[in-house]
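In case you want the letters, here they are:
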Amino acid sequence: MLAKQLSALPTNKLLAGGGIASVVQAAWGEVMTTAAPSLAGPGMSALVGFLAAMLIGYFVPDRLNAPAE
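Residues numbered from 1 in each chain as written. Predicted model: local features only at pLDDT ≥ 70, side-chain atom pairs only at ≥ 80, totals over all residues. Heavy atoms only, no water.

K.L.:
I tried to follow the environment of Trp28 on my own but got confused; where do I start?
P.N.:
Mapped onto the secondary structure, Trp28 falls in helix H1 (residues 9–35). Trp28 has contacts with Leu39, Met44, Ser45 and Val48, leaving out every residue within four places of it along the chain. (Helix = DSSP H or I, 4+ residues; strand = E, 2+ residues; numbered from the N terminus. Contact = heavy atoms within 4.5 Å.)

Have a look at this one:
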């Protein structure tokens with residue numbers, strides 16, 4: 001079943017998740033370089049950024065889309 005998107009809010013949710021994920025990824029790398037260098041690599045930073053985006057996507061509510069007529 002197709003849905004009609006009523007507003008841009010669902011895409012705003014994706015924008016917020018992507019923006020915060022990139023900030024978390026950069027901050028993780030900077031902080032962990034001095035705190036725990038073994039956890040400061042690019043793979044771990046990418047994983048933490050991905051997890052932040054998934055948490056935002058799970059907990060931030062969306063408006064419901066209307067069913068197509």
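K.L.:
Quick question: what am I supposed to make of the environment of Pro42 here?
P.N.:
Relative to the assigned elements, Pro42 resides in helix H2 (residues 42–59). By relative accessible area, which is 71% here, Pro42 ends up exposed. Counting along the chain gives 16 residues from Pro42 to Ala26, while the straight-line C-alpha distance between them is 9.4 Å. (Buried < 20%, exposed > 50% of the residue type's maximum accessible area, 1.4 Å probe, protein only.)

K.L.:
Would you take a moment to explain the environment of Gly49 for this structure?
P.N.:
Positionally, Gly49 belongs in helix H2. Sequence-wise, Gly49 and Ala27 are 22 residues apart; in three dimensions their C-alpha atoms are separated by 9.5 Å. Once residues lying within four places of it in the same chain are set aside, the contact partners of Gly49 are Ala21, Val24 and Gln25.

K.L.:
How should a nonpolar patch on the surface be read in this particular structure?
P.N.:
On the surface, Leu39, Met44, Leu47, Phe50, Leu51 and Met54 cluster together into a nonpolar patch covering about 530 Å² of accessible area. Residue placement: Met44 occurs in helix H2. Here Met44 falls in the partly exposed class, since its relative accessible area comes to 31%. (Patch = residues over 30% accessible without salt bridge, like charges linked within 9 Å, V, L, I, M, F, W, Y side chains within 5 Å. Areas by Shrake-Rupley, 256 points an atom, 1.4 Å probe, with all protein chains shown as cover. Salt bridge = Lys/Arg side-chain N within 4 Å of Asp/Glu carboxyl O.)

K.L.:
Would you explain the packing of aromatic side chains in this entry?
P.N.:
Centre distance and the angle of the planes are the two values used to describe a pair of aromatic rings. Across all of its chains, the model carries one aromatic pair by this definition. Residues Tyr58 and Phe59 carry aromatic rings whose centres are separated by 5.0 Å and whose planes lie at 90° to one another, so their mutual orientation is edge-to-face. According to the relative accessible area criterion, Phe59 is exposed, its value standing at 58%. (Phe/Tyr/Trp six-rings, centres within 6.5 Å; stacked < 30°, edge-to-face > 60°.)

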